[in-house]
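So you can see what is in the structure, the chains are spelled out below.
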Amino acid sequence: MTRTITLRLSDKAYEAVKRYAEAEHTSMNAWVEGLLDAEDMRRRCAAHGAWVQANPAAARAALAFGEANQRALAAAGLPNLAGATE
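What you see is a predicted model, and the numbers here were worked out from it, not measured in a lab. (Residues numbered from 1 in each chain as written. Predicted model: local features only at pLDDT ≥ 70, side-chain atom pairs only at ≥ 80, totals over all residues. Heavy atoms only, no water.)

(A) Molecular detail of the packing of helix 1 (residues 11-23) against helix 2 (residues 28-54). With their axes 9 Å apart at the nearest point, helix 1 and helix 2 run at an angle of 95° to one another. Between helix 1 and helix 2, the angle falls in the class roughly perpendicular. Residue-level contacts link Y14, V17, K18, Y20 and A21 of helix 1 to M28, W31 and V32 of helix 2. Looking at side-chain class alone, the contact of helix 1 with helix 2 contains 7 nonpolar, no polar and 1 charged residues. (Axes fitted to C-alpha atoms, helices over the stretch in contact; angles between N-to-C directions. Helix = DSSP H or I, 4+ residues; strand = E, 2+ residues; numbered from the N terminus. Parallel < 35°, antiparallel > 145°, perpendicular 65-115°, else oblique. Contact = heavy atoms within 4.5 Å. Nonpolar A, V, L, I, M, F, W, Y, C, P; charged D, E, K, R; others polar.)

Okay, structure coming up:
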C-alpha cells in the first residue's frame, strides 16, 4: 500500500530542490526519493559497519566462507572475483 507523506520546505530549500531536480532532468519528487534512498543506504551501511565491528568472529567467518567460495569457483574453472580460473 502506498503511503503519502507531506514534506514542508522553506522557500529557500524548495528552490534548491527544484534546481537540483532540474539539473538532473527529473521531477522534484523523484529527486527527493533518490535523496531519501541514499540516506537510507548510508544509515544501513553505518549500522552494518557497527555490527561487524561488534561481531568480529562473524565477520571472520563470512570472509573465510567467501574466500572458500572463490577458490571453489576457480577450481571449477568458473569466473571469480580474481578473474582467474585454474
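(B) Region of interest: the layout of surface pockets. By volume, the largest pocket amounts to about 390 Å³. Lining of the largest pocket is provided by R3, T4, I5, L7, L9, Y14, V17, M28, N29, V32, E33 and L36. Every element with two or more residues in the lining of the largest pocket is listed here: helix 1 and helix 2. The element best represented in the lining of the largest pocket is helix 2, accounting for 5 residues. Tallied by class, the residues present in the lining of the largest pocket amount to 8 nonpolar, 2 polar and 2 charged. (1 Å grid on protein atoms, 1.4 Å probe; cavity = no way out; pocket = protein on both sides within 12 Å on 5 of 7 lines; lining within 4 Å. Points joined across faces, edges and corners; volume = space filled by probe spheres on them.)

(C) Structural context of the pattern of salt bridges. Using the criterion set out here, one finds 3 salt bridges in the structure. The partner of R43 in a salt bridge is E39, with the nearest N and O atoms 2.7 Å apart. In this pair, R43 and E39 are both assigned in helix 2, 4 residues apart and thus about one turn of the helix distant. R43 gets classed as exposed once you look at its relative accessible area, which sits at 54%. In this structure E39 comes out as partly exposed when scored by relative accessible area, which is 28%. The closest approach of N and O atoms between R44 and D40, which form a salt bridge, is 2.9 Å. In this pair, R44 and D40 both sit in helix 2, 4 residues apart, roughly one turn of the helix. (Salt bridge = Lys/Arg side-chain N within 4 Å of Asp/Glu carboxyl O. Buried < 20%, exposed > 50% of the residue type's maximum accessible area, 1.4 Å probe, protein only.)

(D) Structural view of the packing of helix 2 against helix 3 (residues 56-75). Helix 3 packs onto helix 2 with a crossing angle of 100° between their chain directions and a minimal axis gap of 5 Å. On the basis of the axis angle, helix 2 is roughly perpendicular to helix 3. Along its contact with helix 2, which presents W51, V52, Q53 and A54, the element helix 3 presents P56, A58 and A59. Grouping the amino acids of the contact of helix 2 with helix 3 by side-chain chemistry returns 6 nonpolar, 1 polar and no charged.

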